[in-house]
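# A structural walkthrough
The chain contents come next:
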Amino acid sequence: MRKLILVKHALPEIVPHLPARQWRLSEEGRRQCSTLADRLAPYQPALIVSSGEYKAVETAQVVADALGKPFEIADGLHEHDRSSVVFLSSQEFESAVAHFFEQPEALVFGEETASQAQNRFQNAVESLLARYPKGSIAIVAHGTVITLFVAGCAGIDPFPFWRRLSLPSFVVLSLPDLKLIETVENIE
C-alpha cells in the first residue's frame, strides 16, 4: 500500500531573537534524526521532501542520507506564517495556537488564517502526489500545518492532536484515500 508520511521536524535550537523559521536543529535534534530514520525505514519512503525551513531541511537531509533516498525541498510546506509574532512563553504560545484552531477563518495569530495555511499545505501535498504517483512519500514539515492537514482528512479535533505531536513525530496516511493509519507521537 502506498503511504504519505508527514514528519514533524526534530528538535531545534530555540533562539528567541530569531523567527522560528530561521531556527536550526539542536545537537539533540541531530541525534534524534538517526532514530527517526530507523523508525521511518519500515514504511519504505521512495522520496523525502522538506519544507524550506532550516530545521525541516536538516531533518529531511539526515533521514534521506540514512535511508539512501532522494531528497528535495518543495514550496508551500512551510509552517503557518507567524513571522511577525514575537517569542512567546510556552503557555502564551499554546493559548495562541488554541485560538488559531478554534477560529480557522479569522486572522488571529500571525499572517495566515488556519484555513489559508491548511489550503496552502494541502495544495503543496497534492502537487507532490501528482508529480510522484508511485511509491510512498515522506514529507518533513511542521506541527501546525501537519495538524491542519490531518484534522481535515480524519475529522479530528486539531488542538489536542497538535499537543500530542512531539519533536520529532510522524503521521502515516494511506494513499490515495488519505485515511489515517498511524500516529507516532514520540520516536523514542
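Reading the values: rules and limits
- Residues numbered from 1 in each chain as written.
- Predicted model: local features only at pLDDT ≥ 70, side-chain atom pairs only at ≥ 80, totals over all residues.
- Heavy atoms only, no water.
- Helix = DSSP H or I, 4+ residues; strand = E, 2+ residues; numbered from the N terminus.
- Rg over C-alpha atoms; globule rule 2.2 N^0.38 Å.
- Buried < 20%, exposed > 50% of the residue type's maximum accessible area, 1.4 Å probe, protein only.
- Contact = heavy atoms within 4.5 Å.
- Areas by Shrake-Rupley, 256 points an atom, 1.4 Å probe, with all protein chains shown as cover.
- Lys, Arg positive; Asp, Glu negative; His and termini not counted.
- Charge placed at Lys NZ, Arg CZ, Asp CG, Glu CD.
- Salt bridge = Lys/Arg side-chain N within 4 Å of Asp/Glu carboxyl O.

All right, on to the overall build of the chain then. Secondary structure assignment for the chain yields 6 helices and 6 strands. Each helix and strand of the chain, ordered N terminal to C terminal, gives the series β-α-β-α-β-α-α-β-α-α-β-β. Expected size for 188 residues packed as a compact globule is a radius of gyration near 16 Å; at 15 Å, the chain falls within 12% of this value. Dimensions of the chain, computed from C-alpha atoms along their principal axes, come out at roughly 40 × 35 × 25 Å. Each of the 188 residues in the chain was classed as buried or not, and the buried ones make up 47%. Long-range pairs, those at least 24 residues apart, make up 67% of the contacts in the chain between residues at least 6 apart in sequence. For the chain, the computed accessible surface area is about 8,900 Å², with 51% contributed by carbon and sulfur atoms. Between the averaged position of the 17 positive side-chain charges in the chain and that of its 23 negative side-chain charges there is a distance of 6 Å.

Summed over the entire model, instances satisfying the criterion amount to 10 salt bridges. Note that E58 and R24 form a salt bridge whose closest N and O atoms lie 3.5 Å from each other. Of this pair, E58 sits in helix α2 (residues 54-67) while R24 sits in the loop between β1 (3-8) and α1 (27-40), and the two are 34 residues apart along the sequence. Given the relative accessible area of 23%, E58 is considered partly exposed. Measuring nitrogen to oxygen at the nearest pair gives 3.0 Å for the salt bridge that ties R163 to E94. Taken together, the residues span a long stretch of sequence, with R163 in helix α6 (residues 158-164) and E94 in helix α3 (residues 90-102) at a distance of 69 residues. You can call E94 partly exposed: its relative accessible area is 28%. Salt bridges sharing common partners tie together E28, R31 and E188.

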